[in-house]
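The residues making up each chain are set out below.
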Amino acid sequence: MKFVLVISILTTLALLALGVVVALYHHKNASARDINLIGEVARVDTGLNPEGTVIVGGELWPAKSNDGAPISSRARVRVVGFEDHLALVERCD
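Residues numbered from 1 in each chain as written. Predicted model: local features only at pLDDT ≥ 70, side-chain atom pairs only at ≥ 80, totals over all residues. Heavy atoms only, no water.

Asks: Give a description of the overall build of the protein chain that names residues and reports values.
Replies: Helix and strand content of the protein chain: one helix and five strands. What you see in the protein chain, going N to C, is helices and strands ordered as α-β-β-β-β-β. Expressed as a percentage of the 93 residues in the protein chain, the buried residues total 23%. Long-range pairs, those at least 24 residues apart, make up 36% of the contacts in the protein chain between residues at least 6 apart in sequence. Summed over its atoms, the accessible surface of the protein chain is roughly 6,900 Å², and 60% of this surface lies on carbon and sulfur atoms. (Helix = DSSP H or I, 4+ residues; strand = E, 2+ residues; numbered from the N terminus. Buried < 20%, exposed > 50% of the residue type's maximum accessible area, 1.4 Å probe, protein only. Contact = heavy atoms within 4.5 Å. Areas by Shrake-Rupley, 256 points an atom, 1.4 Å probe, with all protein chains shown as cover.)

Asks: Break down the sheet that holds strand β3 (residues 59-65) for me, citing the residues and quoting the values.
Replies: Around the barrel, five strands lie side by side as β1-β2-β3-β5-β4; this closed barrel has mixed pairing. Taken over all neighbouring pairs, the strand axes of this sheet differ in orientation by 55° on average, direction set aside. (Pairing = 2+ DSSP bridges. Axes fitted to C-alpha atoms, helices over the stretch in contact; angles between N-to-C directions.)

Asks: For a nonpolar patch on the surface, give the residues involved together with the corresponding values.
Replies: Residues F3, V4, L5, V6, I7, I9, L10, L13 and L16 make up a contiguous nonpolar surface patch of about 900 Å² in total accessible area. Note that V4 resides in helix α1 (residues 2-31). (Patch = residues over 30% accessible without salt bridge, like charges linked within 9 Å, V, L, I, M, F, W, Y side chains within 5 Å. Salt bridge = Lys/Arg side-chain N within 4 Å of Asp/Glu carboxyl O.)

Asks: Got a sec to walk through the environment of N49? Specific residues and values, please.
Replies: Mapped onto the fold, N49 is located in the loop between β1 (41-46) and β2 (51-56). Taking the C-alpha atoms as reference points, N49 and S65, 16 residues apart in sequence, are found 7.4 Å from one another.

What follows is the structure, encoded as C-alpha cells:
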C-alpha cells in the first residue's frame, strides 16, 4: 500500500514539473516574437518632452520624440524607429 502511495505522489510531482516546464516554454516563445511597430500610428499617453510614453497596438511603450521637440499628450504620432529601449516617434499631420 505504501508503494502505491509513493508512486502516486512521485507521478503527481512529475506531472506538475512537466506543467511548469511547458508553461515556461510557452512564455519564452511568446516573448521572443518579433515586434514590428515601425510605421504604426500611436497616441501619446504622457507628453513627450522629449521622452514620455505612447500607446501603440494597445500597449504602453516608452517613447522619445525623433527630433527632440515636445509633443503633447493625446497627439497622434507614428513610430519611425527605436533607440535603445525607446520608440522614436514623429507627429502625424
